[in-house]
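Given next are the chains, with one letter for each unit.
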Amino acid sequence: MVIDTLLNRLLVSKWLRKMNIGSKLTVGFGILVAFTIFILALSYLVSTQTISKINHINNHHVPSVLTSSRAQVNLFQMTEHTQNYLILATPKIFDSYHRSEKEFEANLTNLAEYSVLAEYSVDFTLTDDQRRLSELQEIFKQWKILVNELFVLRQNSATQTKDWINSDIGSEGWQKFNTKVIPLADRMQQLLAEIIQSQQNQLQTSLVEEGQFLNAVKIYTLLGIIVAVALGLTMVVTFQRNIVGPVDRLAATAKQIADGDLELQMPMESEDEIGQLARTFDSMRQQFSQLIDDLEHRVAERTTDLEVAVKSLETTADISRQTTAILELNELLQYVVNRIKTEFNYYHTHIYLVEKGTGNLIMTEGSGDVGRQLKARGHRLKAGQGIVGTVASTNQHFLSNNVSEFLNFVRNPLLPNTNSELAVPLHKSSQVLGVLDIQSEQLNRFADEDVSLMQSIADQVAIAIDNATLYERVQERTRALETTAHISRQITAILELNELLQYIITRIQTEFKFYHVQIYLVDKSTGDLIMAEGSGEVGKQLKALGHRLREEEGIVGTVASMNQHFVSNNVNKFLNFVRNALLPDTNSELAVPLRKGDQVLGVLDVQSEQLNRFAPEDVSLMQSIADQIAIAIDNATLYHSLQDALAYQVAVTNAYSRFVPREILKFLGKKSIVEIQLGDQIQEEMSVLFSDIRAFTSLSEQMTPQENFNFINSYLGRVSPIIREQKGFIDKYIGDSIMALFPQAVNAVEAAIAIQNEVKSYNNFRKNQGFQPISVVVGIHTGRVMLGTVGEAERMEGTVISDAVNLAARMEGLTKMYGASIAISEQTLSALDQQSDKYNIRFLDRVMVKGRLDPVSVFEILDGQSVEIIALKLKTRLDFETALFHYQYQEFKEAKQYFESVLSLDPTDEAAGLYLHRVNYFLEYGVPPDWQGVITLTNK
């Protein structure tokens, strides 16, 4: 009602009443159209600004992401080149590193430019990325300094990889590489990854924001349309009810469009102004719909292209990383073709490598079953043949998006659906190593960016192929050197000539897989070369036939006469070649002299079925082996000539050792008796043992001279080994007596006890044979002795000179006085230290022996006597020692009582009987004024 009232008032206006319907409609719809155009213009301007922003994003964020990805690839290459240079130290790797370094610096420069341009953006800032880039540039400066230091360190060191790695400088270089260079590389990779992620995030955020902004534009536009429709409806009500119908239908249609149905057409009921308005409105709707569609399509297209580009770069970087880590050629090529086919969804991928010598292209690896079939057939192309041959001959990529239009195209029956083909060279500088070939079933499949991408991968594959080839050569050379070293070590241990030659031939044949290996030796009488050993059945036949060559005959004779190696990689071209009927397939031959100084001992000859089999390093390797063979042959010959002399020398040495103990030589620091000089001597702390047979004189008088020698040798043959078993050595035999020396006192005592036990066993034997038993006594003293030689230049002998020797002899003599089996001095007892507790020992006396100024304490070792005697002496030991105490203090009556007590229990105790005799004497005649309890011996 309010609107109608208002309209009625408006309609009575003079200027409005004067207007006809056309003018009124014109005015009304003019207002409506103007408003609509304003809304559309506003939407168009806003959309244009949005598209401009999107283009700005694409022009800065996308290149930044791509440049960062390329920088990652170059950084990976720099790291690998640095590591490879430390291992191999080749100029190629050095140059490759610096190319990658320059590209990396260019990448950083481009990133810096994108960063500066981004500062002028209204909506975006790269403050964090600028910080990351600044840090990246600083770290790269440190990286360059460290890598240059490593390169200088490697260049100034040993050229051999194994020597350098094992050297101190090599260890320092590897440590610096692992602890400094690698962490810097990891940090730079991290910063690049952060920049990529940041740019991608900002790009995604920007696209989302602009999409939201476009949606808002749609809403505002639709709102504007609604307002315009409302205005139109108002105008319809205002101007006449007879135009309400068309306007209502027009408004209804406009409402549907405002609800989002932009495909709906405006109704065209008349040719008047309303109809014209409808047509105009519909045209604008179509333009607006097309504008929205174009914007959405462009955004989606840019997003898809960006995703494809990022994925392609990531795939390329990953392939580059993986190829640098694979050093086995077949594994490397198989990985590359399968990865490219899988990641980029190509119809077929394969790699051709250039065959040395012919220049042909061999299909080395291909994807899928077709690739395996082609590889099994040995599929190959000539240079210039087909697309692959064209690329190999021109060293330039070739792209055909319709192979049927290429006259030189060679269709493979196994690949009938190929329509597009891209081939890029695998090259090292100007040298073409091979071709990477990619085929697609689609026409127009490849674009310029595919060429760039595949060439980037091909460059990395070429480097990896070169590294793998170099690695294989290094491995083969290392194995060859190790084999050579092993052969050298083994042959030096073989001194039998036939065994030596057979081992050498077998080992060389096995390790190097030659067609035939043989060794000729020079016949000194004729100068001919006799085939001494050969490999396999042919070698056995030639050796059995006594095969020989004259000097200068064939390659072997030429080497022998020139004393120089000779190699022929095509024996058919060597006029002096003599083909052996048993070796019909020989095509290459290498012969090196076996020489000792300027003298040629023989020739090492190796043959191969392959043409061009031998390289300079093979010559060096075989000559090294030949030099070792020559030394081994000379050693074997010398060994045989020295065997007789050595056997004689051993016999002489063994004979001398029976007269001069080896231990004396050892103490004097001599290896052989021939080194002994008159007057050689040395002082040592030793225990001296004397043993003697009691009453031997009376025993020997009952035997003939022959029986005497038989008896003495039988006795000495039993006890002498005991001395050696106890680490002693016999200085001399004095009739039935033995003088022996021991480095340790405990060994001397053990030997004395063992001698007593052995004598008990010997007496059982003698008793069974009807002979009298014997009694052996032992005396031991420990002190410093002089071992040396005495005599004159024509007659000398080893001996021991010392007061300790004399005192040991006195100890042996005292055993007879005291009825002891084993007597030792106090010095020997002291040398036993804590080990004396395991022996049964009793004190005998303190005596002044002839030739000494100080008294000597004498102790008896009870061990070694019969069990009964030991038991009695241990039972009476307390009374015996008590008696000695009273004896020393001249309490002779008390001493007499105890000695008599001992004898009452053990009448065989000769020491107690001796003391009882002395006590009775002192009780009857008294004690000398200066008596100190020491008995002075007047005889030896």
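Owing to the predicted nature of the structure, the values given are computational and were not obtained by experimental measurement.

## Remarks on the sheet that holds strand β8 (residues 529-534)
Read across the sheet, 6 strands follow the order β9-β8-β7-β12-β11-β10 without closing on themselves; strand pairing throughout is antiparallel. Each end of this open sheet is capped by a strand with a single partner; those strands are β9 (548-549) and β10 (566-568). Both strand β7 (residues 516-522) and strand β12 (residues 599-608) contribute to a ladder of 6 bridges, which runs antiparallel. By the bridge assignment, Q518 is partnered in β12 with D605. Across the sheet, helix α15 (residues 536-544) touches β7 and β8, and the angle it forms with β8 is around 145°. On top of the sheet, helix α16 (residues 554-562) reaches β7, β8, β9, β10, β11 (588-596) and β12; it is set at about 30° to β11, its chief contact.

## Quick word on the sheet that holds strand β3 (residues 380-381)
The antiparallel open sheet is built from 6 strands, whose spatial order is β3-β2-β1-β6-β5-β4. Unpaired on one side and paired on the other, β3 and β4 (398-400) mark the two borders of the sheet. Both β4 and strand β5 (residues 420-428) contribute to a ladder of 3 bridges, which runs antiparallel. Bridging across to β5, S400 finds its partner in E421. Helix-sheet contacts for helix α10 (residues 329-344) involve β1 (348-354), β2 (361-366) and β6 (431-440), and the interaxial angle to β1 is about 150°. Sitting on the sheet, helix α12 (residues 386-394) is in contact with β1, β2, β3, β4, β5 and β6, with an inclination near 30° to β5.

## Here we look at the packing of helix α25 (residues 877-888) against helix α27 (residues 910-925)
With their axes 12 Å apart at the nearest point, α25 and α27 run at an angle of 25° to one another. The orientation of α25 relative to α27 falls into the category roughly parallel. Here α25 and α27 pass one another in a crossing that is left-handed. For the pair α25 and α27, the contacting residues are F880, L884 and Y887 in the first and A911, A912, Y915, R918, V919 and F922 in the second. Its residues placed into classes, the contact of α25 with α27 shows 8 nonpolar, no polar and 1 charged.

## As for the environment of M363
Tracing the sequence through the fold places M363 in strand β2. It is 9.5 Å that separates the C-alpha atoms of M363 and A376, two residues lying 13 residues apart in sequence. Discounting chain neighbours no more than four positions away, the residues touching M363 are H350, I351, Y352, G371, L374, K375 and H379.

## Description of the pairing of β12
Along any regular strand the residues' side chains alternate between the sheet's two faces. Across the 10 residues that make up β12, a large majority, 9, are buried. Once β11 ends, the chain turns through 2 residues before running back antiparallel as β12, passing G597 with a positive phi of about 65°.

## Notes on the packing of aromatic side chains
Enumeration according to the criterion identifies 26 aromatic pairs in this entry. An angle of 50° between the planes, with centres 5.3 Å apart, marks the rings of F94 and F151 as tilted. Taken together, the residues span a long stretch of sequence, with F94 in helix α4 (residues 91-118) and F151 in helix α5 (residues 127-155) at a distance of 57 residues. Since its relative accessible area comes to 25%, F94 is described here as partly exposed. The exposure class of F151 is buried, given its relative accessible area of 2%. Ring geometry for F899 against Y915: centres 5.2 Å apart, planes inclined by 5°, an arrangement best described as stacked. Separated by 16 residues along the polypeptide, F899 in helix α26 (residues 892-905) and Y915 in helix α27 bring together distant segments of the chain. Judged on exposure class, the residue F899 and its partner Y915 are both buried. Members of the aromatic cluster, each reached through a chain of ring pairs, are F880, Y887, F892, F899, Y915, Y921, F922, Y925 and W931.

## Digging into the pairing of strand β18 (residues 822-825)
Alternating positions in β18 separate into two faces, I822 and I824 on one and A823 and S825 on the other, with burial throughout. By the bridge criterion, 4 bridges tie β18 to strand β20 (residues 856-861) in an arrangement that is antiparallel. Pairing of A823 across the sheet is with E860, part of β20.

## Focus on the side chain of H516
Turning to its location among the elements, H516 is positioned in strand β7. Side chain to side chain, H516 and Q518 meet in a polar contact 3.1 Å long. Other than its neighbours up to four places away in sequence, H516 contacts Q509, G534, S535, V538, G539, L542, L583, D605, V606 and Q607.

## Section: the confidence of the model for the chain
For the chain, the mean per-residue pLDDT works out to 79, and 77% of the residues sit at or above 70. Across residues 645-660 the pLDDT falls below 50, and counting only partners more than four positions away or on other chains, this stretch makes 4 contacts in the model. Long-range and interchain partners of residues 668-680, a stretch whose pLDDT sits below 50, account for 30 contacts in this model, where long-range means more than four residues apart.

Cut-offs and rules
Residues numbered from 1 in each chain as written. Predicted model: local features only at pLDDT ≥ 70, side-chain atom pairs only at ≥ 80, totals over all residues. Heavy atoms only, no water. Pairing = 2+ DSSP bridges. Helix = DSSP H or I, 4+ residues; strand = E, 2+ residues; numbered from the N terminus. Contact = heavy atoms within 4.5 Å. Axes fitted to C-alpha atoms, helices over the stretch in contact; angles between N-to-C directions. Parallel < 35°, antiparallel > 145°, perpendicular 65-115°, else oblique. Left-handed = near helix turned anticlockwise from the far one by under 90°. Nonpolar A, V, L, I, M, F, W, Y, C, P; charged D, E, K, R; others polar. Buried < 20%, exposed > 50% of the residue type's maximum accessible area, 1.4 Å probe, protein only. Phe/Tyr/Trp six-rings, centres within 6.5 Å; stacked < 30°, edge-to-face > 60°. Polar contact = N/O pair within 3.5 Å; in protein donor to acceptor, adjacent residues only side chain to side chain. pLDDT = per-residue confidence, 0-100.

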